[in-house]
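Topology and contacts: notes
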Amino acid sequence: MGSKYLKRSVKGWYSYRRRVPARLQKILGKTEFKESFNTKDETLALFRLGSYNQEVEKQLALAEKQVAVGRELTPVEVREVASGFLQRLGLHPDQIPTLKANASPEARSQFKQQSSEWADRYDLFLSNFEDSQVVGHDPKTWETIYKPDDPKDVFQAAYIIATGEQEAPTKPTWESTFKDYLEVNKQEKRRNPHKQKSFEAKTTALYQKFAVFIGGLDTPLEQITRQQARAYLNTYRTGDKPASEATIGRYSSQLGAVFNFARQEYQDDKIRNPFEGLRDMTRERETANDRRSFTPTELSAYEKALVDKLPSPIGLIGLVMLYTGCATSEAAGLEVADIRLDCETPHLRIAANSHRRLDKGRINRSVPIAAPLLEHLMALQLPKDEKAGAFGKYSDAKSYSNVSVQLNSLIRDKLKIKDPSLTSYSTRHTFKDRGRAARVAPEVYDYMQGHVTKASSAMAQRYGTGIPPSFCLQDLNKILATTAWGDL
């Protein structure tokens, strides 16, 4: 019963005192459990001791679990532990006593008893929670100071579940699972804030739209069928503006990812992914509107349009893409330190920096600067701060889509080309086609573009700290000297 923790004051009042082990004090946020029983009656004090000590034991067990895993629990794990904690106490919202409309007199009597017991446990829980959050008092006003909100605090997580502020059903629902998925995905992917915000907005909209189709956000995961998944995807194939098969395939993968996450995160092999196998890659390829390369005439006209755009950073970003075959974000996100002009072989260092990451695991690389591009970069007024974006406001990730829009407008408005398969990103495809036509080794032009292939990766690894830019200069000049490529 833990009677050793029952203390009696000199005036006869009984209370509970128990020291928290040092290894658990940081997790629980206290050094001692203290509770006044407000009685001088030993029998009543022992009765209250049993109930309260049981609560303390469970809090200590939760803290021990965090120590056992050797790290702080993630917010999802905290919520899972808190949910289990409430279930053991019989205080989980799913365990609230209910009464059927046609209940018998005996059932009604049991309901009253269960409701009374529930209320007593709930009141004790709230009281213990409030005590656990007190960290002191303001020395001037004597107002109580409480712990700040902490997503790693199991007791706080249990409180917001018990009070209904956050859903944590005993059986995962579509809403609870996709929210957990987004939270863990954010931790694992570590996107820049702009990309993360955009990803969450678009993905949440898709998940909420699917929730409406299946009957609501609170639909249990186990009740979502393969027939529903197939029917939902088919809704995108109908209407005035049917979605492309590539878009439908992407939606299928995004929705299916939630089920795959649930099976792994909740360690539940019974969870099935109803979208598994519904993505038709053959159909996507057959109906795809792939980007194409520029023709030699189109590329010449596009280069002129970019030069005419100078000194605008947009023109220079487009020229960097044209002369290196890099992606939009890689060109726009260059920092001052990445543009290395005062060296034997002037080059661009394309690597992850404070402005952007390299998407899709692209290779860190040093690409030599061709003579025409070097002329324009030499004229660029760069900030003194080496960590500053080389292209001002366009260096931030939130501006990359704007860069693409402006570059594409040159193709549509200046070149008068309406073909949707030709975009500013087509310079990347063109660079590769020119590399093939120039008979440059695939691993070389793949390396310069940052394409991750077995050969380009081996090439990058062979040089350890990076291939010297002079190594690629001759091949780059061969690529840029090529005036005919592909069957266009």
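Scroll up a little and you will see the structure.
Okay, so let's go over this structure. Please read these numbers as outputs of a predicted model, since none were measured by experiment.

Let us now look at the sheet that holds strand 8 (residues 365-368). Sheet strands associate in pairs through backbone hydrogen bonding, adopting either a parallel or an antiparallel arrangement. In space, the three strands of this open sheet follow the order 6-7-8, with antiparallel pairing throughout. In this open sheet, the two edge strands, each paired with only one partner strand, are strand 6 (339-340) and strand 8. In terms of strand pairing, strand 6 meets strand 7 (residues 347-350) through two bridges, oriented antiparallel. Along strand 7, the bridge assignment pairs Arg340 with His347.

So, about the pattern of salt bridges. For the structure on display, the rule yields twelve salt bridges. The salt bridge involving Glu245 is made with Arg283; its shortest N-O contact spans 3.4 Å. Of this pair, Glu245 sits in helix 9 (residues 245-265) while Arg283 sits in helix 10 (residues 281-287), and the two are 38 residues apart along the sequence. Asp419 is the partner of Arg292 in a salt bridge, and the nearest nitrogen-oxygen pair spans 2.8 Å. Pair noted here: Arg292 is in the loop between helix 10 and helix 11 (296-309) and Asp419 is in the loop between helix 15 (400-414) and helix 16 (426-437), with a separation of 127 residues, a long-range link. For Asp419, a relative accessible area of 27% gives the class partly exposed. Each of Arg237, Glu245 and Arg283 takes part in one network of salt bridges that share partners.

A few words now on the nonpolar core. Residues Tyr302 and Met448 are the most contacted members of the largest nonpolar core, which totals 52 residues. Not counting residues within four places of it along the chain, the set of residues in contact with Met448 comprises Thr324, Arg365, Val367, Phe431, Cys472, Leu476 and Ile479.

Further remarks concern helix 5 (residues 154-162). Of all nine residues in helix 5, seven are buried; the element is thus mostly enclosed. Residues of helix 5 that are buried include every one of Val154, Phe155, Gln156, Ala157, Ala158, Ile161 and Ala162, and no others. Note on helix 5: the residue one or two positions beyond its end, Gly164, has a positive phi of about 85 degrees.

This brings us to the packing of aromatic side chains. One pass over the full model with this rule turns up 20 aromatic pairs. Seen in terms of ring centroids, Tyr5 and Tyr16 are 5.7 Å apart; in terms of plane orientation they differ by 50 degrees. Their pairing is tilted. Highlighted residues: Tyr5 in the segment before strand 1 (6-8) and Tyr16 in strand 2 (residues 14-19), separated in sequence by eleven residues. In terms of burial, Tyr5 and Tyr16 fall into one category: buried. With centroids separated by 5.6 Å and ring planes inclined at 85 degrees, the aromatic side chains of Phe129 and Phe155 adopt a geometry described as edge-to-face. A residue pair is termed long-range when its members are at least 10 positions apart, and Phe129 in helix 4 (residues 105-132) and Phe155 in helix 5 qualify at 26 residues. Both residues of the pair, Phe129 and Phe155, count as buried. Through a chain of ring-to-ring contacts, the aromatic side chains of Trp174, Phe178, Tyr181, Tyr207, Phe210, Phe213, Tyr232, Tyr236, Tyr251, Phe259, Phe261 and Phe275 assemble into a single cluster. Over the aromatic face of Phe199 sits the side chain of Arg191, whose NZ or CZ is 3.8 Å from the ring centroid.

Here the focus is empty space enclosed by the protein. Under the counting rule described, the total for this entry stands at three cavities of 30 Å³ or more. By volume, the largest cavity amounts to about 130 Å³. Along its surface, the largest cavity is lined by 13 residues, and Ile27, Leu28, Asp153, Val154 and Phe155 are the ones closest to its centre. For the lining of the largest cavity, the secondary structure elements donating two or more residues are helix 1 (22-28), helix 2 (42-68) and helix 5. If one sorts the elements of the lining of the largest cavity by residue count, helix 2 sits on top with four residues.

Moving on to unusual backbone geometry. Looking along the chain, the bond that leaves Leu310 and enters Pro311 is cis, with omega of 10 degrees. Looking at the element boundaries, Pro311 is found in the loop between helix 11 and helix 12 (313-324). Phi is positive for Lys416, which is not a glycine, with a value near 60 degrees. Inspection of the secondary structure assignment puts Lys416 in the loop between helix 15 and helix 16.

Here is what the cut-offs are and how they apply
Residues numbered from 1 in each chain as written. Predicted model: local features only at pLDDT ≥ 70, side-chain atom pairs only at ≥ 80, totals over all residues. Heavy atoms only, no water. Pairing = 2+ DSSP bridges. Helix = DSSP H or I, 4+ residues; strand = E, 2+ residues; numbered from the N terminus. Salt bridge = Lys/Arg side-chain N within 4 Å of Asp/Glu carboxyl O. Buried < 20%, exposed > 50% of the residue type's maximum accessible area, 1.4 Å probe, protein only. Core = buried A, V, L, I, M, F, W, Y, C linked by side-chain atoms within 4.5 Å. Contact = heavy atoms within 4.5 Å. Phe/Tyr/Trp six-rings, centres within 6.5 Å; stacked < 30°, edge-to-face > 60°. Lys NZ or Arg CZ within 6 Å of the ring centre and 35° of its normal. 1 Å grid on protein atoms, 1.4 Å probe; cavity = no way out; pocket = protein on both sides within 12 Å on 5 of 7 lines; lining within 4 Å. Points joined across faces, edges and corners; volume = space filled by probe spheres on them.

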